[in-house]
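Single-letter residue listing:
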Amino acid sequence: MDNSGISGISFQENPDSSDFWNYFFLVIREFRLSWAFYIFIIRLFWSDVTTFVVIKRGGDVIGGFGLTQFPIAKYKPHNWFNANARAKIDELRSAGYLGGCCFFIAEKFRSRGIGTQVLFSYFKDKPLKIYFTSSRGARSLYLRNGAKVFYPSTYDIFTFENPSYES
């Protein structure tokens, strides 16, 4: 793993408009158009129950993610007709989990340990429990860093708790 991308990483919760839009357009530039749609809709309609976090290296936005009370995973096309997945999401929400969404690192910064740093540095002092869906491509990152498959599906539903979180 090339660790050259790790130094200088910081997080900005509820970023100013400029950094938020830099994250949004980064997602578009890398052709994650459905994610851009989700980010826009959440920002427009559910910003009061969502924390967006941008990931910066130096002064540049290189990624970001959202933590939301809105169950966006229920409304993704792969879950529209999957009653079991929708019920699992309701179960997690009832247990106090927040939905993680649109976790994105710019292509040129991937495979450098930044995703691992986000999971451990950002969540280190936060007693959060999150759930999120993931494609098969990101599965190894999440499993390697302590996430658990809560519901296997085309897009697995994972749970992740701060390693020091005690319920």
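The shown structure was predicted, so the numbers you read here are calculated from the model rather than taken from an experiment.

About the thresholds
Residues numbered from 1 in each chain as written. Predicted model: local features only at pLDDT ≥ 70, side-chain atom pairs only at ≥ 80, totals over all residues. Heavy atoms only, no water. Pairing = 2+ DSSP bridges. Helix = DSSP H or I, 4+ residues; strand = E, 2+ residues; numbered from the N terminus. Axes fitted to C-alpha atoms, helices over the stretch in contact; angles between N-to-C directions. Contact = heavy atoms within 4.5 Å. Expected span 1.5 Å × (residues − 1). Polar contact = N/O pair within 3.5 Å; in protein donor to acceptor, adjacent residues only side chain to side chain.

Observations regarding the sheet that holds strand 5 (residues 129-134)
Right, so step 1: Ordered by their spatial adjacency, seven strands build an open sheet running 1-2-3-4-5-7-6, and the pairing between neighbours is mixed. Strands at the two margins of the open sheet, each flanked by one partner only, are strand 1 (9-13) and strand 6 (148-151). Recorded for the sheet is a direction-independent mean angle of 30° between the axes of neighbouring strands.
Right, so step 2: Along the sheet, helix 3 (residues 83-94) contacts strand 5, strand 6 and strand 7 (156-161); its crossing angle with strand 6, the most-contacted strand, is approximately 120°.
Right, so step 3: Helix 4 (residues 114-122) rests against strand 1, strand 2 (50-57), strand 3 (60-68), strand 4 (98-105) and strand 7 of the sheet, and its axis sits at about 55° to strand 1.

Some thoughts on helix 1 (residues 17-29)
Right, so step 1: With 13 residues, helix 1 extends 18 Å between its outermost C-alpha atoms, agreeing within 8% with the 18 Å of an ideal straight helix rising 1.5 Å per residue.
Right, so step 2: The inward-facing, buried residues of helix 1 abut strand 1, helix 2 (33-45), strand 2, strand 3 and strand 4.
Right, so step 3: Backbone geometry just after helix 1 places Phe31 at a positive phi near 60°.

Some details on the side chain of Asp156
Right, so step 1: Within the element layout of this structure, Asp156 appears in strand 7.
Right, so step 2: Looking at Asp156, its side chain comes within polar contact range of the main-chain nitrogen of Ser153, at 2.9 Å.
Right, so step 3: Setting aside chain neighbours within four positions, we find Asp156 in contact with Phe132, Thr133, Ser134, Arg136, Arg139, Val149 and Tyr151.

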